[in-house]
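Structural overview
What follows is each chain in one-letter form.
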Amino acid sequence: MLLNYSQPLELNKLTSRIDAALHAALPEFWAVVIELVLVGILLIATYALLAVVLIYVERKITAFFQARIGPNRVGKYGIFQTVADVTKILIKEIIHINRIDKFLFYTAPFFIIGASIMAFGAIPFGQGLQAVDFNIGVLYVISVSSLGIIGVLLAGWSSNNKYSMIGAMRSGAQFVSYELSAGIALMTMVVLSGTMQLSTMVESQRYCWNIFNGHLPALVAFIIYLISGHAETNRGPFDLPEAESELTAGYHTEYSGLQFGFFYLAEYLNMFIIASIGATVFLGGWMPLQINGWESFNQLMWFIPSYLWFFGKVAVLIFFSLWVRWSFPRLRIDQLLNLEWKYLLPINLVNLLVMVILVLTGLTLTDIFK
Amino acid sequence: MRTFSEYLRDMFSGIRSLLSGLSITWKELWTKKVTRQYPENRDTLVISERFRAELVMPHDENNEHACTACGICQINCPNGTINVISRTTETEDGKKKKELDRYVYNLGTCTFCNLCVITCPSDAIVFSNNFENATFTRNKLVKQLNHEGSRLREKKPIKKAGNEAEKDSQTA
């Protein structure tokens with residue numbers, strides 16, 4: 001009851017009002033169609049906007065890690081730098097390459113960006129701000145984000161360029177390996193929360209985030225998830241698919257203009273998606289910090305809208321990703337595969353088993369302090 | 001074959017070294033930024049004395065320089081950047097004397113090798129720190145270093161010192 005007054009900035013009231021208005025004014029079918037279109041446009045707009053913001057933030061933080069100031073000419077503190085960059089990339093010519101597999105070459109960017117947007121749609125951004133809420137949400141996100149690798153392989157194959165090919169093959173090997181670890185780490189948390197639906201997962205973490213609830217195995221799973229998620233985005237120390245000193249730019253060497261922009265956009269948004277899935281599954285998603293019993297404190301926390309909580313948690317994870325990126329040198333391909341197959345995967349499997357035992361014997365934090 | 005304990009030890013030492021790496025970059029994140037924002041920091045800009053930006057000929061307050069128009073700098077210049085144009089004048093006692101007319105320096109072809117300054121016998125030219133030399137046309141890079149109506153500085157102080165030294169030796 002009190003919650004109705006304590007959430008002035010939540011967007012779910014607005015969305016339900018729009019929903020009610022549409023249903024009152026239009027027949028059922030058209031109301032749903034209009035809502036679908038609206039949600040789609042909103043998602044794509046958020047997608048593009050987030051990419052612009054992320055690129056700016058990345059460039060700033062990178063600069064700070066290297067004792068530089070970073071972009072500071074376009075607008076105050078350079079905040080319009082990426083807007084200018086995006087404008088430039090939009091009006092650039094798409095260069096046509098001779099002797100490429102035309103159909104695959106031009107469809108590859110859409111595979112990548114499509115997979116990325118599909119995963120993006122399933123993220124719960126806040127209370128009532130989730131476009132698709134499957135009861136197998138975690139599985140859906142994993143499977144859909146794996147589709148992106150098809151685009152990478154197609155891009156490398158169709159470019160008719162040995163560097164692109166090597167880059168794509170490396171990316172494929174890396175992605176297939178690390179997808180396994182990320183998946184099992186998420187499965188560990190599915191065992192803990194007993195559901196695959198992202199919304200119920202968030203709801204179940206109201207008083208105790210999963211990472212605390214499952215203490216040791218949850219922490220191990222979190223670290224493994226971060227490492228493998230980072231590797232999946234082809235960044236940081238795992239950027240050997242596009243190792244610029246060896247392969248010029250890897251699988252997107254031959255792309256230019258907007259097509260290159262698609263790859264670029266998808267790379268940044270994949271970082272965001274990995275971080276937001278991590279925040280949702282491990283850190284309680286959009287749920288504000290709630291402590292069982294402290295009612296007034298909980299109410300106070302609700303005054304910060306849920307989407308801000310979500311973006312805050314995601315920002316912490318993204319910062320961590322950048323921190324790692326500017327700390328470690330690039331791995332060799334054998335080191336990369338060693339790390340996955342000899343360390344992360346065995347630890348992960350044991351960890352999953354430990355988590356199952358933990359849940360079955362009632363040793364999770366909420367079970368202990370019941 | 002590696003034992004299981006070796007495997008664990010490898011893993012934990014790896015984690016420890018990763019954490020130490022992270023701590024170093026964390027400290028680096030908060031260090032003072034080294035970027036100098038050039039057009040804004042013009043007032044506080046520090047440029048080394050040794051920086052060779054542009055050749056200049058120092059003139060004193062009487063509009064006098066030290067160039068005797070000997071042309072050694074022109075001979076030493078590796079790519080013909082310097083052109084010393086001299087004229088001959090007659091002094092009061094009828095002697096013919098070579099005097100500097102125009103000292104032409106082409107900044108556009110200068111490699112800043114410093115050979116002219118090193119070889120100048122009368123230290124008439126130096127490199128200045130004024131580095132903002134951008135122009136819209138190449139002609140503006142060709143500069144005349146001696147000012148209008150400037151003259152050669154008389155070597156009186158040195159002569160005077162010499163006379164005094166002679167006097168000193170005589171009295172002694």
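Residues numbered from 1 in each chain as written. Chains lettered and ligands numbered in written order. Predicted model: local features only at pLDDT ≥ 70, side-chain atom pairs only at ≥ 80, totals over all residues. Heavy atoms only, no water.

By the naming in an unreviewed UniProt entry, chain B goes by NADH-quinone oxidoreductase subunit I and is assigned to bioreactor metagenome.

1. Section: the overall build of chain B
Within chain B, the secondary structure is distributed over four helices and seven strands. Secondary structure elements of chain B occur, N-terminal to C-terminal, as α-β-β-α-β-β-α-β-β-β-α. Buried positions account for 25% of the 172 residues belonging to chain B. When the accessible area of chain B is evaluated, it comes to approximately 12800 Å², of which 55% is carbon and sulfur surface. (Helix = DSSP H or I, 4+ residues; strand = E, 2+ residues; numbered from the N terminus. Buried < 20%, exposed > 50% of the residue type's maximum accessible area, 1.4 Å probe, protein only. Areas by Shrake-Rupley, 256 points an atom, 1.4 Å probe, with all protein chains shown as cover.)

2. Topic: helix α8 (residues 162–193) of chain A
Owing to its 3.6 residues per turn, the α-helix brings residues three or four apart onto one side. Residues and elements named next belong to chain A. When the terminal C-alpha atoms of α8 are compared, their 46 Å separation across 32 residues agrees well with the 46 Å that a helix rising 1.5 Å per residue should span. A side-chain oxygen of the first residue of α8 lies 2.8 Å from the backbone nitrogen of Tyr 163; this N-cap is Asn 161. Positive backbone phi, at 70°, marks Gly 194, one or two positions downstream of α8. (Expected span 1.5 Å × (residues − 1). Polar contact = N/O pair within 3.5 Å; in protein donor to acceptor, adjacent residues only side chain to side chain.)

3. Quick notes on the pairing of strand β3 (residues 82–90) of chain B
Residue and element names in this part refer to chain B. Sheet analysis places β3 next to strand β4 (residues 96–106), joined by nine bridges and oriented antiparallel. Bridged to Ile 85 within β4 is Arg 102. As consecutive antiparallel partners, β3 and β4 are separated by five residues, and within that stretch Gly 94 has a phi angle of approximately 80°, a positive value. (Pairing = 2+ DSSP bridges.)

4. Section: the side chain of Glu 58 of chain A
Here Glu 58 of chain A lies in helix α3 (residues 28–65). Among residues more than four places away in sequence, those in contact with Glu 58 of chain A are Arg 235, Tyr 268, Met 271, Leu 322, Arg 325 and Trp 326 of chain A. (Contact = heavy atoms within 4.5 Å.)

5. What about the pattern of salt bridges?
All chains considered together, the criterion is met by ten salt bridges over all chains. Note that Asp 85 of chain A is salt-bridged to Arg 59 of chain A, the shortest N-O span being 2.9 Å. Here Asp 85 of chain A is found in helix α4 (residues 81–90), whereas its partner Arg 59 of chain A is found in helix α3, with 26 residues between them in sequence. Taking relative accessible area as the criterion, Asp 85 of chain A reaches 27% and is therefore assigned partly exposed. Residue Arg 59 of chain A is classed as partly exposed on the basis of its relative accessible area of 32%. In this structure, the salt-bridge partner of Arg 87 of chain B is Asp 101 of chain B, at a minimum N-O distance of 2.9 Å. Placement of Arg 87 of chain B in strand β3 and of Asp 101 of chain B in strand β4 is noted, with a sequence separation of 14 residues between them. Classification of Arg 87 of chain B as partly exposed rests on a relative accessible area of 35%. Linked by salt bridges that have partners in common, Arg 87, Glu 99 and Asp 101 of chain B make up one network. (Salt bridge = Lys/Arg side-chain N within 4 Å of Asp/Glu carboxyl O.)

6. Section: unusual backbone geometry
Residue and element names in this part refer to chain B. You will see that Asn 63, though not glycine, has its phi angle at about 60°, which is positive. Along the chain, Asn 63 falls in the loop between β1 (54–56) and β2 (64–65). Under the relative-accessibility criterion, Asn 63 is labelled partly exposed at 25%. The backbone of Ala 69 sits at a positive phi, close to 60°, despite the residue not being glycine. Tracing the backbone shows Ala 69 in the loop between β2 and α2 (72–76).

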